[in-house]
Amino acid sequence: MLVNLFCPVEMIDYKLYESKTNGQIYCELAFNNLSHKVVKGLKLMIYSYDQFGDLISEEKNGFVCKIEFKDGLKFLEKQTTDKKISLTNLSNTRKIEVDILKILYEDNSLWSKGTSESERVELSQIKNKQLLEFIQTRDGKEARNLSREIDDKWVCVCGRLNLLNHFECKRCGRFQDYVLTEYSNEDTIIHNFNKFLEQKAEEKKQIQEGLRLQQDIEKQKNKKRYKIVFYITFLLLVTGCSLWALADRFKFSTVDNQRPIEINENSVALESVKDGVIDTSFEIYEGNNKDGDFTIRYYSNGALKEKVIRDISRPRLIDIDNDGTEEILVSKEIITSKLDNAQIVIWDDIYEFDIETEDLVFVSSKYPEYYEKYYIPSIKGLSNLSNDYDEKQAFSVVIQAASDLINGKFIPDKDQKEIQKKFETLEVDNPLQITKQGDTYYIHGITYGMKINEAIEKLGEPDESFEVNSKVVKWYLDKNLVLSAEYYTDTISYMDLGEFSQEILEQSMILLGNPSKKNKSQFYYFTSSQLLKLHVMKPGKYRVQLMDSEIPD
């Protein structure tokens, strides 16, 4: 199959049909929308292969096809084409590949393949029916492939190709570490399958043992009832005889200090069933791609119980602290009017299931290692792929929140209100105030090549001004930052800003993206007319410079 990692829509499956009347071959394609815009139509190139896997003759091989989605293809929505596509004069077709050339969105904006490359990936489908049923029971119906690393990429169990620095699958959200560990070879799957069968056998044994113990308890209760009935009957009989004897003036001698009958029952030692979660399942609502019912089966005080959590986004299980008990991970979309043009950002929440309260307990702050090991690297990977400043800012907010959680400075809540507050104060998360419009970088709203009077209008009168080889002005800003600008006549020819810490450097580079060039202590960002350079000023402190791109380093 052909894959373009930078294409916002992916083809995930296809079916071929042969007409019984004329032998004509038709295809039906299924697509998944990875963007947050609604897709209106696609322009494709379809390639055909014969039964030997060879390309059909050049003049008949590839053809351009246009597809329309009448109701739109929404974010993470999987949809087949409304009509079957005729593979005209390609009756020998037994396999096809599809390359997406253009995407038309509902807002009439376009995505074009341009110079981005598609690459061929062959999936290793799991053929063993028992193993396939096992992994689909664990991880859903779309899980049907072996996972593996390919150079700087990895293939998920769902069949999606991802970049190696993406720690979550872009299609299904499964973790790279989990998938490559559990599903990279059949031996591991067989081992887990056998372990699963043993666990199920043990659970069945425990259930049967529980039933047996309950039967034993009932037997003991019945024995006790029989004894009580026997003694009551005996006493009634003795009493009746005594009354009859007295009535006939018979006298019975009694033994002095006679002791009452003692009922001494041996208690039954019962083996208790271990409390804990034994199984979970998730059922997505019809017509929904993520929300559904999450069912948890567990033992509590020896009794088998079941709890259904309704209206929950697709939960995932992960043993974060490796204690043998899996935590429950729920991803939430953060929607904010502050960044209308940015894609929706995902924030991960962590829950535990409390057997006593029979409910989920919000415990995100308890697991900072998850945010450090999985969440932050995943979001940084997405940010590095983006060229949109709004998106980078959105990513920077959740990265900053996760970093603050790790350092004990941020306490999340399950309603994401604290995250929303961070989106409302974005300037806090961009302390250097470096932005980019087209090919032009701005620092606190001013840039190289700007008139000095315009800069003063934006920042106010400088705190210091002097002249050496050129005229220099300085503004003393918050966080002990000093912004300097040099100019010869009235146009800024050089700018710098410093001193700032490693933490601020890293936060700013999240917004700036990958540098054009870097070495151990210097990072360069080039445009056609500018050079933005971040570098060490003195141990532990950094400076940013903005200058003509022609100035040699």
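Values in this document were obtained by computation on a predicted structure and should not be read as measured data. (Residues numbered from 1 in each chain as written. Predicted model: local features only at pLDDT ≥ 70, side-chain atom pairs only at ≥ 80, totals over all residues. Heavy atoms only, no water.)

Remarks on the pattern of salt bridges
Evaluated as defined, the whole model comprises 24 salt bridges. Its salt-bridge partner being Lys84, residue Glu28 comes within 4.0 Å of it at the nearest N-O pair. A residue pair is termed long-range when its members are at least 10 positions apart, and Glu28 in strand 3 (residues 25-33) and Lys84 in the loop between strand 6 (78-80) and strand 7 (85-86) qualify at 56 residues. Across the salt bridge formed by Lys538 and Glu499, the nearest N and O atoms sit 3.3 Å from each other. Of the two residues, Lys538 is situated in strand 29 (residues 530-538) and Glu499 in strand 26 (residues 492-500); the sequence distance between them amounts to 39 residues. Look at Lys538 and you get partly exposed, because its relative accessible area is 41%. (Salt bridge = Lys/Arg side-chain N within 4 Å of Asp/Glu carboxyl O. Helix = DSSP H or I, 4+ residues; strand = E, 2+ residues; numbered from the N terminus. Buried < 20%, exposed > 50% of the residue type's maximum accessible area, 1.4 Å probe, protein only.)

Observations regarding the sheet that holds strand 4 (residues 39-49)
Sheet strands associate in pairs through backbone hydrogen bonding, adopting either a parallel or an antiparallel arrangement. Across the sheet, 4 strands lie side by side as 5-4-8-9; this open sheet has antiparallel pairing. Looking along the sheet, the strands with just one partner apiece sit at the ends: strand 5 (62-73) and strand 9 (110-112). Each neighbouring strand pair of the sheet contributes to a mean axis angle of 30 degrees, computed without reference to strand direction. Of the pairings in the sheet, the one linking strand 4 to strand 8 (residues 95-105) comprises 10 bridges and is antiparallel in character. Of the residues in strand 8, the one forming a bridge with Tyr47 is Glu97. (Pairing = 2+ DSSP bridges. Axes fitted to C-alpha atoms, helices over the stretch in contact; angles between N-to-C directions.)

Re helix 7 (residues 417-424)
Among the residues making up helix 7, those that are buried are Ile419, Lys422 and Phe423. Taken around the axis of helix 7, the buried residues stretch over an arc of 100 degrees, which confines them to a single face. (Arc of directions from axis to C-beta.)

Quick notes on the nonpolar core
With 31 residues, the main nonpolar core has Ile443, Phe500, Leu532 and Leu534 as its most contacted residues. Core analysis: the second largest hydrophobic core is formed by 28 residues, Leu329, Tyr375, Phe410 and Phe423 among them. (Core = buried A, V, L, I, M, F, W, Y, C linked by side-chain atoms within 4.5 Å.)

Things to note about a negative patch on the surface
A cluster of acidic residues, Asp321, Asp323, Glu369 and Glu372, forms a negative patch on the protein surface. Its location among the elements puts Glu369 in helix 5 (residues 368-385). Under the relative-accessibility criterion, Glu369 is labelled partly exposed at 33%. (Patch = residues over 30% accessible without salt bridge, like charges linked within 9 Å, V, L, I, M, F, W, Y side chains within 5 Å. Areas by Shrake-Rupley, 256 points an atom, 1.4 Å probe, with all protein chains shown as cover. Lys, Arg positive; Asp, Glu negative; His and termini not counted. Charge placed at Lys NZ, Arg CZ, Asp CG, Glu CD.)

Observations regarding helix 2 (residues 129-139)
Of the residues making up helix 2, those classed as buried are Leu131, Phe134, Ile135, Gln136 and Asp139. If you check the start of helix 2, you find a side-chain oxygen 2.9 Å away from the backbone N of Gln130, and it comes from Asn128. Of the residues trailing helix 2, Gly140 is marked for its positive phi of about 100 degrees. (Polar contact = N/O pair within 3.5 Å; in protein donor to acceptor, adjacent residues only side chain to side chain.)

A short note on the environment of Ser184
Residue position: Ser184 is located in the loop between helix 3 (176-182) and helix 4 (186-247). With 27 residues separating them along the chain, Ser184 and Val157 place their C-alpha atoms 8.5 Å apart. Not counting residues up to four positions away in its chain, the partners in contact with Ser184 are Leu146, Ser147 and Val179. Within polar-contact distance, the side chain of Ser184 engages the backbone oxygen of Leu180 at 3.0 Å. (Contact = heavy atoms within 4.5 Å.)

Looking at the state of the cysteines
All chains considered together, the criterion is met by 0 disulfides. Here Cys158 is not disulfide-linked; the sulfur of Cys169 is the nearest cysteine sulfur, at 3.7 Å. What makes Cys158 buried here is its relative accessible area of 3%. For Cys169, a relative accessible area of 4% corresponds to the buried category. (Disulfide = S-S within 2.5 Å.)

Considerations on the environment of Ser86
Along the polypeptide, Ser86 turns up in strand 7. For Ser86, a relative accessible area of 28% corresponds to the partly exposed category. For the pair Ser86 and Cys27, spaced 59 residues apart in sequence, the C-alpha separation works out to 6.6 Å. Beyond its immediate stretch of four places on either side in the chain, Ser86 contacts Gln24, Ile25, Tyr26 and Phe63.

Quick notes on the sheet that holds strand 17 (residues 316-318)
Ordered by their spatial adjacency, 4 strands build an open sheet running 17-18-19-20, and the pairing between neighbours is antiparallel. The outermost strands of the open sheet, each flanked by one partner alone, are strand 17 and strand 20 (359-362). Ignoring strand direction, the axes of neighbouring strands in this sheet form an average angle of 45 degrees. For strand 18 (residues 327-334) and strand 19 (residues 345-354), the ladder comprises 7 bridges, and the chain directions are antiparallel. Opposite Leu329, over in strand 19, you have Ile350 as the bridge partner. Along the sheet, helix 5 contacts strand 17, strand 18 and strand 19; its crossing angle with strand 19, the most-contacted strand, is approximately 155 degrees.

Thoughts on the packing of aromatic side chains
Any two aromatic rings considered together are summarised by their centre-to-centre distance and by the angle between their planes. If you walk through the whole model with that rule in mind, you get 16 aromatic pairs. The interplanar angle of 80 degrees and the centroid separation of 5.2 Å between the aromatic rings of Tyr370 and Tyr371 together place this pair among those described as edge-to-face. The exposure classification of Tyr370 matches that of Tyr371, with both residues buried. Put simply, the rings of Phe175, Trp347, Tyr370, Tyr371, Tyr374, Tyr375 and Phe410 touch in pairs and so form one group of aromatic residues. The lysine or arginine in question, Lys37, covers the ring of Tyr105, its NZ or CZ lying 5.1 Å from the ring centre. (Phe/Tyr/Trp six-rings, centres within 6.5 Å; stacked < 30°, edge-to-face > 60°. Lys NZ or Arg CZ within 6 Å of the ring centre and 35° of its normal.)

Things to note about the pairing of strand 28 (residues 522-526)
Here is the key point about a regular strand: its side chains alternate between the two faces of the sheet. Taken across its 5 residues, strand 28 has 4 buried, putting it largely inside the fold. Between strand 27 (residues 517-518) and strand 28, which pair antiparallel and follow one another directly, the connecting turn spans 3 residues. Here strand 28 pairs with strand 29 via 5 bridges, running antiparallel. Bridging across to strand 29, Tyr524 finds its partner in Lys533. Remark: 3 residues form the turn of the hairpin made by strand 28 and strand 29, two consecutive strands paired antiparallel.

As for the side chain of Asp99
Structurally, the position occupied by Asp99 is in strand 8. Note on Asp99: relative accessible area 7%, which makes it buried. Here the side chain of Asp99 touches Ser118 through a polar contact of 2.6 Å, side chain to side chain. Apart from the residues lying within four places of it in its own chain, the contact partners of Asp99 are Leu2, Lys43, Leu44, Met45, Tyr47, Lys113 and Ser118.

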